[in-house]
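Remarks on the overall topology
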Amino acid sequence: QVQLVESGGGLVQAGGSLRLSCAGSGLILSNYAMGWFRQAPGKEREFVGAMSWGGISTAYADSVRGRFTISRDNVKNMVYLQMNSLKPEDTATYYCAASRNHRSASTTSGSYDYWGQGTQVTFSS
């Protein structure tokens, strides 16, 4: 059974950091392009960042570029989203996704074949 499981969400404060993790089960993540998306309450799901197979190319949303970084650990079959300098507008449920089109760091949700259930990131004042 193919499964992606996110973890690492939680409460954050202004300027804080979190690292989200995405674990693969039933699929080898290094064979896929990987993406992160997020959805805030009342809003549509939006692209955050993506990395092609082998990390050859990456893409980030303008709103997170320079603050968020995607990385892989192929030994652990994990993908990470390091989030720094967090802002209130980063509050959302974050989803990882895997795409068979591994050459492309796609920004489009329709390009992804498998999705996790999400992990919540909440801004705390």
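Scroll up to find the structure.
So, a few notes on the structure that sits alongside this text. (Residues numbered from 1 in each chain as written. Predicted model: local features only at pLDDT ≥ 70, side-chain atom pairs only at ≥ 80, totals over all residues. Heavy atoms only, no water.)

**Topic: the sheet that holds strand 3 (residues 18–25)**
With respect to topology, four strands assemble into an open sheet ordered 1-3-8-7, the strand pairing being antiparallel. Edge positions in the sheet fall to strand 1 (3–7) and strand 7 (68–73), since each of these pairs with one other strand and no more. On average, adjacent strands in this sheet sit at an angle of 20 degrees to one another, irrespective of strand direction. Relative to strand 8 (residues 78–83), strand 7 is paired through six bridges, and the arrangement is antiparallel. By the bridge assignment, R72 is partnered in strand 8 with V79. (Pairing = 2+ DSSP bridges. Helix = DSSP H or I, 4+ residues; strand = E, 2+ residues; numbered from the N terminus. Axes fitted to C-alpha atoms, helices over the stretch in contact; angles between N-to-C directions.)

**A closer look at the nonpolar core**
Inside soluble globular proteins, nonpolar side chains tend to come together where they are buried. Within the largest apolar cluster, 34 residues are counted, with the highest numbers of intra-cluster contacts made by W36, F68, L81, M83 and Y94. With sequence-adjacent residues up to four places away left out, M83 is seen in contact with G16, S17, L18, L20, R67, F68, Y94 and V121. (Core = buried A, V, L, I, M, F, W, Y, C linked by side-chain atoms within 4.5 Å. Buried < 20%, exposed > 50% of the residue type's maximum accessible area, 1.4 Å probe, protein only. Contact = heavy atoms within 4.5 Å.)

**Considerations on the packing of aromatic side chains**
Scanning the model with the defined rule gives five aromatic pairs in all. Aromatic side chains F37 and F47 sit 5.6 Å apart centroid to centroid with 70 degrees between the ring planes, which places their arrangement in the edge-to-face category. Of this pair, F37 sits in strand 4 (residues 33–39) while F47 sits in strand 5 (residues 46–51), placing them 10 residues apart in sequence. Taking the centre distance of 6.2 Å and the plane angle of 65 degrees together, the rings of Y112 and W115 count as edge-to-face. Judged by its relative accessible area of 6%, Y112 is buried. Of the aromatic side chains, those joined through ring pairs into one cluster are F37, F47, Y112 and W115. Between R19 and the ring centre of Y80, over which it is positioned, the NZ or CZ distance is 4.0 Å. (Phe/Tyr/Trp six-rings, centres within 6.5 Å; stacked < 30°, edge-to-face > 60°. Lys NZ or Arg CZ within 6 Å of the ring centre and 35° of its normal.)

**Quick word on the side chain of S30**
Within the element layout of this structure, S30 appears in the loop between strand 3 and strand 4. Using a relative accessible area of 19% as the deciding quantity, one classes S30 as buried. Every residue in contact with S30, bar those within four places of it in the chain, is listed here: W53, R72, N74 and N77.

**A word on the state of the cysteines**
Among covalent bonds in proteins, the disulfide is the one between the sulfur atoms of two cysteines. Summed over the entire model, instances satisfying the criterion amount to one disulfide. Covalently, C22 is tied to C96 through a disulfide, its sulfur atoms 2.0 Å apart. Looking along the S-S bond of the C22-C96 disulfide, the torsion reads about 55 degrees, which is the right-handed sense. Here the residue C22 occupies a position in strand 3, and C96 occupies one in strand 9 (residues 92–99), the gap between them amounting to 74 residues. Since its relative accessible area comes to 0%, C22 is described here as buried. Judged by its relative accessible area of 0%, C96 falls in the buried class. (Disulfide = S-S within 2.5 Å.)

**Notes on the pattern of salt bridges**
For the structure on display, the rule yields five salt bridges. In this structure, the salt-bridge partner of D113 is R100, at a minimum N-O distance of 3.1 Å. Remark: R100 occurs in the loop between strand 9 and strand 10 (114–115) and D113 occurs in the loop between strand 9 and strand 10; sequence separation between them is 13 residues. With relative accessibility at 34%, the residue D113 sits in the partly exposed group. Connected via shared salt-bridge partners are R38, E46, R67 and D90. (Salt bridge = Lys/Arg side-chain N within 4 Å of Asp/Glu carboxyl O.)

All we've got here are geometric facts, nothing functional implied.
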